[in-house]
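Coordinates in review
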Amino acid sequence: MSLPVQASSTEWQIAPSTCFTDKPGELCRLQIKVTLPARLANSHREICFFLNKKQLQCLRSQSAELQLPITLADNADLHITVDGTRQFDKKLLIQSLVPNKRRRVRSPWSFF
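The present account deals with the structure reproduced in this document. Predicted model only: the values in this text are computed from it and were never measured. (Residues numbered from 1 in each chain as written. Predicted model: local features only at pLDDT ≥ 70, side-chain atom pairs only at ≥ 80, totals over all residues. Heavy atoms only, no water.)

1. Observations concerning the sheet that holds strand β1 (residues 13-15)
As a reminder, the rule being used: Note on pairing: two strands pair once DSSP finds at least 2 bridges between them. Here a helix means four or more residues in a row that DSSP labels H or I, a strand means two or more in a row labelled E, and each is numbered from the N terminus. A fitted line through C-alpha atoms serves as each axis, taken over the contacting stretch for helices, and the angle formed by two N-to-C directions is quoted from 0 to 180°.
Spatially, three strands are ordered β1-β3-β6 in an open sheet, and the strand pairing comes out antiparallel. Two strands bound the open sheet, and with one partner strand each, they are β1 and β6 (65-72). Strand-to-strand twist in this sheet, taken as the mean axis angle between neighbours without regard to direction, amounts to 25°. With eight bridges connecting them, strand β3 (residues 28-35) and β6 associate as antiparallel partners. Counterpart to Val34 in the pairing with β6 is Leu66.

2. Notes on the sheet that holds strand β4 (residues 46-51)
If you walk across this open sheet you meet the five strands as β2-β8-β7-β4-β5, and the pairing is mixed. Edge positions in the sheet fall to β2 (18-21) and β5 (54-60), since each of these pairs with one other strand and no more. Neighbour-to-neighbour, the strand axes of the sheet open up by a mean angle of 20°, direction not taken into account.

3. Digging into a nonpolar patch on the surface
The condition is simple: Exposure above 30% relative accessible area and the lack of any salt bridge qualify a residue for a patch; like charges then connect within 9 Å, and the nonpolar side chains Val, Leu, Ile, Met, Phe, Trp and Tyr within 5 Å. The Shrake-Rupley method, run with a 1.4 Å probe sphere, supplies the accessible areas, and residue values consider only the shown protein chains as cover. We count a salt bridge whenever a side-chain nitrogen from Lys or Arg sits within 4 Å of a carboxyl oxygen from Asp or Glu.
Where nonpolar side chains cluster on the molecular surface, the patch consists of Phe20, Leu97 and Val98 and spans about 320 Å² of accessible area. Looking at where Val98 falls in the secondary structure, it is placed in the segment after β8 (85-96).

4. A few points about the pairing of β8
Relative to β8, β2 runs parallel, the two being bridged by four bridges. The residue of β8 that forms the bridge with Thr18 is Leu93. With seven bridges joining them, strand β7 (residues 76-82) and β8 adopt antiparallel strand pairing. Among the inter-strand pairings, His79 is bridged to a residue of β8, identified as Asp89.

5. Section: the pattern of salt bridges
For clarity, the threshold we go by: Only protein chains enter the accessibility calculation, which uses a 1.4 Å probe; a residue is then buried when its area is under 20% of its type maximum, exposed when over 50%, and partly exposed in between.
Under the defined criterion, the tally for this structure stands at five salt bridges. One salt bridge in this structure joins Lys91 and Asp77, with 3.6 Å as the shortest N-O distance. Here Asp77 lies in strand β7 and Lys91 lies in strand β8, a separation of 14 residues in the sequence. In this structure Lys91 comes out as partly exposed when scored by relative accessible area, which is 44%. Residue Asp77 is classed as partly exposed on the basis of its relative accessible area, which comes to 40%.

In structure tokens:
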């Protein structure tokens, strides 16, 4: 009988957690690197990734680092399960390089 894995959030590392786009509303594609806690590396346990409660991928841990391609349309929640037990949550953010603001066409002051 195996005991459930209890991992603290400091043992997991996910980078990057922010994706940058040229303009607001664009899809953002990024390759995140997930560093597993030491006790999970090479343990061959099933690790599943979920983005906003939708399953992305499940795999067996065979190394301490995993690569995961993600496409985001908006800010999202990533959570990870190990052998069906939820272990880690991370907020993934999208930021655009151009702010989502309209420029003022006329001057805010006038002589008349």
